[in-house]
Amino acid sequence: MTSKRNILVTGGLGFIGSHTVLCLHEAGYCPVIIDNLHNSRMEVLNALTELLGYRPEFIEGDVNDGQLLDTLFQQYQFDAVIHFAAHKAVGESVEQPLMYYRNNVVGLVSLLESMQKAGCNRMVFSSSCTVYGEPESVPVKESTPTRPAASPYGATKQMAEVILKDNGWCSIQCLRYFNPVGAHPTAKIGELPLGIPNNLIPFLTQTVAGIREKLTVYGGDYSTSDGTCIRDYIHVMDLAEAHVSAIDRLFLENKSTPETPGDPSKGHFEVFNIGTGVGYSVLEVINAFEATTGEQVNYAIGDRRAGDVVAVWADTEKVNSVLGWKAKRNLETMMRDAWNWQKNC
Ligand code: UD1
């Protein structure tokens with residue numbers, strides 16, 4: 001029997017990381033988590049233990065700690081890394097840009113240095129559709145030119161992509177997430193925003209749960225069918241499964257495509273949009289939530305939020321055909337699972 005491949009999952013107790021840990025295990029990989037608990041909680045490790053039937057390897061630590069990383073690479077001989085650990089709040093990044101550059105950019109460099117020293121040359125990286133900015137046309141393809149970032153957070157994702165592209169010794173699957181929502185169907189893990197949520201779904205579910213008074217819909221006068229912004233919401237389990245497909249692909253001998261003719265002995269940088277390919281407006285999301293759960297959402301149309309793009313959703317042709325991954329869960333499932341998770345919190 002061949003031994004399982006060890007995968008280092010940075011930020012593995014976070015929202016997307018924790019769901020990915022489950023999917024990696026199911027696919028026969030051995031996930032090892034490093035997380036500094038900055039935006040996550042130990043309870044997630046307990047929930048993962050329950051769901052997995054064993055306690056996954058967990059190291060409390062920071063990707064900026066090069067010494068710790070070097071020790072871990074020696075100890076576990078990682079076959080690949082999935083790098084989630086990063087800050088992700090747009091507004092906070094405007095207030096504390098250095099914190100974002102240190103964690104999201106310097107942390108990546110520190111991780112790559114340890115990987116290079118240890119001879120580990122495979123990585124899946126968490127990027128974001130934020131790199132497209134306000135696109136000229138939708139859906140956006142991976143080849144759509146990126147736009148100047150509207151926030152330090154967006155800038156860190158763009159810089160990270162450049163850094164990764166420049167490191168030709170490493171094979172990279174760069175996943176540009178659209179809007180991850182939902183939760184594990186057991187409602188044992190989900191999104192755990194600390195403080196007042198910035199994102200739509202946690203704010204919506206907390207409003208229905210009575211934790212927030214009212215949901216403000218940011219702008220009702222955009223040039224969309226109902227005046228509210230359009231996004232490509234994707235179930236976190238679909239997103240987690242995309243990471244397994246990306247890891248599988250890193251272990252393929254020959255990853256050549258017409259777009260990226262690969263020499264398998266060299267590094268290989270590929271970008272994929274991870275979305276459903278369907279855009280929904282904020283009001284459509286609220287309606288879907290109400291129809292699925294039978295709950296009323298107390299909301300009002302308010303002012304536009306600075307920095308919001310009007311409409312963005314993914315062209316998924318490349319990810320469907322090259323990565324062989326396709327989102328399976330619809331908006332109703334996203335709303336059901338998000339609500340079940342909120343009720344369980
Ligand atoms: C933002 C970032 C994205 C990042 C994500 C992670 C940009 C352009 N987008 O996504 O890169 O990965 O956060 O946190 O930088 N809305 C309301 N009321 C609310 C909250 C949101 O109406 O209380 C609306 C927004 O205007 C938007 C939609 O809901 O149209 C989704 O917003 P949100 O969940 O915050 O995600 P994004 O801004 O799309």
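As the structure is a prediction and not an experimental result, all values here were calculated from the model.

1. Quick notes on the site of the ligand
Neighbouring the ligand are 19 residues; Leu200, Thr216, Arg231, Arg305 and Asp308 lie closest to it. Contact distances for the ligand include 2.9 Å between an oxygen atom and a side-chain N or O atom of serine 128. Here an oxygen atom of the ligand sits 3.1 Å away from a polar atom, N or O, in the side chain of asparagine 199. Counting residues per element, the shell around the ligand draws most heavily on strand β8 (residues 215-218), which supplies 4 residues. Considering only residue class, the shell around the ligand consists of 9 nonpolar, 6 polar and 4 charged.

2. Description of the packing of aromatic side chains
The full count for this structure, using the stated rule, is 5 aromatic pairs. The interplanar angle of 85 degrees and the centroid separation of 5.2 Å between the aromatic rings of phenylalanine 73 and phenylalanine 78 together place this pair among those described as edge-to-face. Aromatic pair tyrosine 76 and phenylalanine 78: ring centres 5.3 Å apart, planes at 15 degrees, arrangement stacked. Like tyrosine 76, the residue phenylalanine 78 is buried in the burial classification. Members of the aromatic cluster, each reached through a chain of ring pairs, are Phe73, Tyr76 and Phe78.

3. Notes on helix α7 (residues 200-208)
Counting buried residues in α7 gives 9 out of 9 residues, a clear majority hidden from the surface. Along α7, the residues that are buried comprise Leu200, Ile201, Pro202, Phe203, Leu204, Thr205, Gln206, Thr207 and Val208. Turning to α7, the residues buried within the fold contact β7 (179-181), β8, β10 (233-235), α9 (282-293) and α11 (331-344).

4. Some words on the pattern of salt bridges
The final tally for this structure, using the stated rule, is 14 salt bridges. Among the ionic pairs, arginine 147 bridges to glutamate 136, the shortest N-O distance being 3.1 Å. Residue arginine 147 is located in the loop between β5 (122-128) and α6 (152-166), and its partner glutamate 136 is located in the loop between β5 and α6; the two are separated by 11 residues in the primary sequence. On the basis of relative accessible area, arginine 147 is assigned to the partly exposed category, the value being 29%. Here glutamate 161 and arginine 176 are joined by a salt bridge, their closest N and O atoms 2.6 Å apart. Of this pair, glutamate 161 sits in helix α6 while arginine 176 sits in strand β6 (residues 171-177); the two residues are 15 residues apart in sequence, bridging distant segments of the chain. For the pair shown, glutamate 161 and arginine 176 are each scored as buried. A network of salt bridges, in which partner residues are shared, links Asp238, Glu241, Lys328 and Arg329.

5. With respect to the sheet that holds strand β11 (residues 269-274)
Adjacent strands of a sheet form backbone hydrogen bonds with each other and so pair up, either parallel or antiparallel. Spatial ordering of the open sheet is given by β3-β2-β1-β4-β5-β6-β11, a layout of 7 strands whose pairing is parallel. In the strand order of this sheet, the two ends are held by β3 (57-60) and β11, each with one partner. Recorded for the sheet is a direction-independent mean angle of 20 degrees between the axes of neighbouring strands.

6. Quick notes on the pairing of β8
Side-chain positions along a regular strand alternate between the two faces of the sheet. Alternating residues of β8 divide into Leu215 and Val217, all buried, and Thr216 and Tyr218, none buried. Relative to strand β13 (residues 299-302), β8 runs parallel, the two being bridged by 4 bridges. Bridge pairing in β13 links threonine 216 to alanine 300.

7. Re the packing of α9 against α11
One can describe the packing of α9 onto α11 by two numbers: an axis separation of 9 Å at closest approach and a directional angle of 70 degrees. Accordingly, the angle class assigned to the pair α9 and α11 is roughly perpendicular. Considering how the two elements wind past one another, α9 and α11 form a crossing that is right-handed. Together, Glu284, Val285, Ala288, Phe289, Thr292 and Thr293 of α9 and Leu331, Glu332, Met335, Arg336 and Trp339 of α11 make up the contact between the two elements. Classifying every residue of the contact of α9 with α11 by side-chain character gives 6 nonpolar, 2 polar and 3 charged.

Procedures and definitions
Residues numbered from 1 in each chain as written. Predicted model: local features only at pLDDT ≥ 70, side-chain atom pairs only at ≥ 80, totals over all residues. Heavy atoms only, no water. Near = heavy atom within 4 Å. Polar contact = N/O pair within 3.5 Å; in protein donor to acceptor, adjacent residues only side chain to side chain. Helix = DSSP H or I, 4+ residues; strand = E, 2+ residues; numbered from the N terminus. Nonpolar A, V, L, I, M, F, W, Y, C, P; charged D, E, K, R; others polar. Phe/Tyr/Trp six-rings, centres within 6.5 Å; stacked < 30°, edge-to-face > 60°. Buried < 20%, exposed > 50% of the residue type's maximum accessible area, 1.4 Å probe, protein only. Contact = heavy atoms within 4.5 Å. Salt bridge = Lys/Arg side-chain N within 4 Å of Asp/Glu carboxyl O. Pairing = 2+ DSSP bridges. Axes fitted to C-alpha atoms, helices over the stretch in contact; angles between N-to-C directions. Parallel < 35°, antiparallel > 145°, perpendicular 65-115°, else oblique. Left-handed = near helix turned anticlockwise from the far one by under 90°.

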